[in-house]
2 protein chains.
Amino acid sequence: VDFTDVHRAAERIDGVATKTPVATSRTADGIVGARLFFKCENFQRVGAFKFRGAYNALSNLSQGQSGVLTYSSGNHAQALALAGSLTGIPTTIIMPTDAPDIKVAATKAYGGEVILYDKDQTTRESLGRTIAEERGLTIIPPYDHPDIIAGQGTCAKELFEEVGELDTLIVPCGGGGLLSGCCLSAHALSPGCKVIGVEPDAGDDGVRSFHTKTLQTVHNPDTIADGARTPSLGELTFPIILKHAHDMVSVSDAAIIRTMRFLWERMKLVVEPTGALALAAVFDGKAKATGRVGVILSGGNVDLAAALRLFAEPAGG
Amino acid sequence: VDFTDVHRAAERIDGVATKTPVATSRTADGIVGARLFFKCENFQRVGAFKFRGAYNALSNLSQGQSGVLTYSSGNHAQALALAGSLTGIPTTIIMPTDAPDIKVAATKAYGGEVILYDKDQTTRESLGRTIAEERGLTIIPPYDHPDIIAGQGTCAKELFEEVGELDTLIVPCGGGGLLSGCCLSAHALSPGCKVIGVEPDAGDDGVRSFHTKTLQTVHNPDTIADGARTPSLGELTFPIILKHAHDMVSVSDAAIIRTMRFLWERMKLVVEPTGALALAAVFDGKAKATGRVGVILSGGNVDLAAALRLFAEPAGG
């Protein structure tokens, strides 16, 4: 995967994905002592950057497919379901039986067929492969796929095209689809830009992988950043990150909550915990921010009642 | 006050006030059956449209003023304090002793001198006049002032200039500064556009005034739309609204809460209760929305804990 793929992805999603706005904040700039440019993927279709990759993957499928399948209980599920509806490609989504009703309902509402599985009985990958073979479906995994990586890279491409070159670009990281795609765009469009990936402390497999140069894993980490609970970086995303990223760091859940509060109260932006990772790393001094800094707010899908509980607790950490 | 004043205000605030973005929502359009353009004043400086009028008024003051004074416990207080800091004009703000600490602190942080008064002992107007005379201060009231009206009118001016003419423009209404200013802009820039003002049910003095053509009042109405608890329209704002507005309607607090939930959950926008009035009127069918419809989201200053308590209650009404 290289920037040529990102460029093609941008052409495919043009006019379908939202060209999300770039927000700025005098208050945040004052706190940090840098000029921050916030790429607002919370305003993307389905409320997260995931739509970019999903739509790119489906619009790049060869003709005559009987459909696609994925396993996700998060934003990728809804993104793939919507992309399927828009392209006329049937989508099957494998979700655990304990997935929140609201996520199952949203995925169905976007037109996806949801198949629930019992975590104690099987793994989603195993069930996914079985069903995909039975039905002749193409598997589109949540991040470790060339078209997904290229699609997510359009996020940083748009940011550079709107605000110009940056000194640093800070990106939330789960499986590394967004981070690796953004690395490709930064390398092509702002070669001096340092790209920094951010994980939650409990799910710091990527940080450890980056520093040991060996793929590390984590099992079902306990963090509010639900988009970053992935077990490891991918076989495709890891090498790109290793080659092009400047650093990877992690932040505490308490820092994420404080940052969400800032984004909601001061910037009037509803951002989910995973979406606040990059700014949390800036506020906490984990990611050095000087000069012109891009901050990707990756999504805004959060249950209001759950957010209430987060904000109600005293700020710790 | 006429559109010439709005035009001059736009020149004065240019580069100081934020040119707020216009949001759209396929979901909202689908629900309503119209094309909605949301003017996002929640992203304005101090979090509400009030900065436009305050800055316009202060930058239009003659030289040699010893300072300005206002009475407000809401967004106008913070807006005037910030405008004073930016123009170098000292600001004195009269607030009730029971004003929320957070609002007093925010006004002080923007550089305003806060004087607290006891509601049982005096009225804010009376105390304001006394202090203004003693200190030689110019009173800048929250809405009934030519420069305030003209400043608020720049909000609709920007909207029309960005999206073109509209069939309907729906505007929250408290004392009518925003509504009257927007009427002037609509009349000049989109003459066929029907302007509709929206109040909370409990504070429907403007609705009654509009339909009886006689200024009506309300006393301390019980509504979550704290920006629309004003006792009446103003001597300047009422005639403009009577002349140029197409209708005035009111909505229930329950409708406001449902609409806030939509704005936060689906559009990822933090909007305060008063800021949600216009969309609530559309969703509730009180304001007829067909064709191209402008919806002003007037502000986003809301205590998160208080907002989340609203969302926690079962949706009624």
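Everything discussed here concerns the structure shown above.
Residues numbered from 1 in each chain as written. Chains lettered and ligands numbered in written order. Predicted model: local features only at pLDDT ≥ 70, side-chain atom pairs only at ≥ 80, totals over all residues. Heavy atoms only, no water.

Overview of the sheet that holds strand β9 (residues 247–251) of chain B
Residue and element names in this part refer to chain B.
And step 1. The mixed open sheet is built from six strands, whose spatial order is β1-β2-β10-β7-β8-β9. The sheet is open, and its two borders are formed by β1 (22–23) and β9, each paired with just one other strand.
And step 2. Sheet analysis places β1 next to strand β2 (residues 35–40), joined by two bridges and oriented antiparallel. The partner of V22 across the bridge, within β2, is K39.
And step 3. Contacting β8 (194–200) and β9, helix α9 (residues 205–212) runs over the sheet at an angle of about 150° to β9. (Pairing = 2+ DSSP bridges. Helix = DSSP H or I, 4+ residues; strand = E, 2+ residues; numbered from the N terminus. Contact = heavy atoms within 4.5 Å. Axes fitted to C-alpha atoms, helices over the stretch in contact; angles between N-to-C directions.)

Considerations on the pairing of strand β3 (residues 68–71) of chain A
All names here are of chain A.
And step 1. Alternating residues of β3 divide into V68 and T70 and L69 and Y71, and every residue in both groups is buried.
And step 2. Alignment of β3 against strand β4 (residues 91–96), held across four bridges, turns out to be parallel. Residue pairing for β4: T70 is matched across the bridge by I93.
And step 3. One crossover worth recording links β3 to the parallel β4 by way of helix α4 (residues 75–87), and it is right-handed.
And step 4. One ladder, built from two bridges, connects β3 with strand β6 (residues 138–139); its direction is parallel. Pairing of L69 across the sheet is with I139, part of β6. (Buried < 20%, exposed > 50% of the residue type's maximum accessible area, 1.4 Å probe, protein only. Right-handed = clockwise from strand over helix to strand, strands pointing away.)

With respect to the interface of chain B and chain A
For an interface, size is often stated in terms of accessible area lost upon the parts coming together.
And step 1. Chain B puts 23 residues into the contact, and the matching count from chain A is 22 residues.
And step 2. By the criterion of area lost to chain A, the three top residues of chain B are K268, L304 and L308 of chain B, representing 39% of everything that side buries.
And step 3. For the pair chain B and chain A, the interface holds zero salt bridges.
And step 4. Our count for the chain B to chain A interface comes out at six residue pairs in polar contact (both at pLDDT 80 or more).
And step 5. Elements that contribute at least two residues to the side of chain B that touches chain A include exactly α11 (253–265) and α13 (304–312) of chain B.
And step 6. The biggest single contributor to the side of chain B that touches chain A is α13 of chain B, with five residues.
And step 7. Looking at side-chain class alone, the side of chain B that touches chain A contains eleven nonpolar, five polar and seven charged residues. (Buried area = accessible area lost by both parts, 1.4 Å probe. Salt bridge = Lys/Arg side-chain N within 4 Å of Asp/Glu carboxyl O. Polar contact = N/O pair within 3.5 Å; in protein donor to acceptor, adjacent residues only side chain to side chain. Nonpolar A, V, L, I, M, F, W, Y, C, P; charged D, E, K, R; others polar.)

Take it as geometry only, folks, not as evidence of what the structure does.
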